[in-house]
Amino acid sequence: MKYRPEYPLRPFADLAAARQWVMGLVRWYNHEHRHSAIRFVTPAQRHAGQDTALLDQRKAVYEAARARHPQRWRGPTRNWQRIQVVHLNPDQTDAKAGDPREGKTEAKKAA
């Protein structure tokens, strides 16, 4: 929370003010903020099952743009496939399992 630009610089006036601020943050986080870990949809869209249609639409838009202006694209378009499994604070072992750099780090330590 403290990394949000709207985070208050001074203490809240009272508990009600703190609760009101946090409720606004939660509303923004769940209904407005598009999370990169779930392909730039909101948690509310994901929870409601709307993300699949949104991601399909984005894929179509990107493919159409690439077809119209192929010179603007060096490689494939952004991956808009739905993330199947989402972790809210993954364990370190889960986070590192998919990281191709992890093997290099371990190899350096062993050397």
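Keep in mind the model is a prediction, meaning the values are calculated, not measured.

Draft legend 1. The overall build of the protein, seen in detail. When helices and strands are counted, the protein shows 5 helices and 0 strands. Taken from N to C terminus, the helices and strands of the protein fall in the order α-α-α-α-α. The proportion of buried residues among the 111 residues of the protein is 14%. Considering only contacts within the protein whose residues lie at least 6 apart along the sequence, 31% involve residues at least 24 apart.

Draft legend 2. Fine view of a nonpolar patch on the surface. Side chains of Met-1, Tyr-7, Val-22 and Val-26 sit close together on the surface and give an oily, nonpolar patch of about 340 Å² of accessible area. One can find Val-22 in helix 1 (residues 15–31).

Draft legend 3. View of unusual backbone geometry. Phi angles above zero are rare outside glycine, and Arg-39 is one such case at about 65°. Take Arg-39: it is sitting in the loop between helix 1 and helix 2 (43–47). Positioned with a positive phi, Phe-40 is a non-glycine residue whose angle comes to about 65°. A residue is classified by how much of its surface remains accessible, and Phe-40, at 30% relative accessible area, is partly exposed.

Draft legend 4. Representation of the pattern of salt bridges. Here the structure, examined in full by the defined rule, presents 3 salt bridges. Measuring nitrogen to oxygen at the nearest pair gives 3.5 Å for the salt bridge that ties Asp-51 to Arg-46. For the pair formed by Asp-51 and Arg-46, the shared burial category is buried. Given a relative accessible area of 1%, Asp-51 falls into the buried group. Within this structure, Arg-46, Asp-51 and Arg-82 form a network of salt bridges that share partners.

Draft legend 5. Up close: the confidence of the model for the protein. Mean pLDDT over the protein works out to 84, with 82% of the residues at or above the 70 mark. When pLDDT is averaged over each helix and strand of the protein, the minimum, 39, is found for helix 5 (residues 101–110) and the maximum, 97, for helix 3 (residues 51–68). Predicted confidence is poor over residues 98–111, with pLDDT under 50, and the contacts of this stretch with residues over four places away or in other chains come to 1 contact.

Draft legend 6. Spotlight on the packing of aromatic side chains. Applying the stated criterion across every chain yields a total of 6 aromatic pairs. Between Tyr-7 and Trp-21, the aromatic rings sit 5.5 Å apart at their centres with planes inclined by 85°, giving edge-to-face as the arrangement. Highlighted residues: Tyr-7 in the segment before helix 1 and Trp-21 in helix 1, separated in sequence by 14 residues. Among the residues examined, Tyr-7 registers a relative accessible area of 34% and is labelled partly exposed. Ring pairing ties together the aromatic residues Phe-40, Tyr-62, Trp-73 and Trp-80, which thus form one cluster. Between the NZ or CZ atom of Arg-4 and the centre of the ring of Trp-28, over which it lies, the distance is 3.8 Å.

The rules behind each value
- Residues numbered from 1 in each chain as written.
- Predicted model: local features only at pLDDT ≥ 70, side-chain atom pairs only at ≥ 80, totals over all residues.
- Heavy atoms only, no water.
- Helix = DSSP H or I, 4+ residues; strand = E, 2+ residues; numbered from the N terminus.
- Buried < 20%, exposed > 50% of the residue type's maximum accessible area, 1.4 Å probe, protein only.
- Contact = heavy atoms within 4.5 Å.
- Patch = residues over 30% accessible without salt bridge, like charges linked within 9 Å, V, L, I, M, F, W, Y side chains within 5 Å.
- Areas by Shrake-Rupley, 256 points an atom, 1.4 Å probe, with all protein chains shown as cover.
- Salt bridge = Lys/Arg side-chain N within 4 Å of Asp/Glu carboxyl O.
- pLDDT = per-residue confidence, 0-100.
- Phe/Tyr/Trp six-rings, centres within 6.5 Å; stacked < 30°, edge-to-face > 60°.
- Lys NZ or Arg CZ within 6 Å of the ring centre and 35° of its normal.

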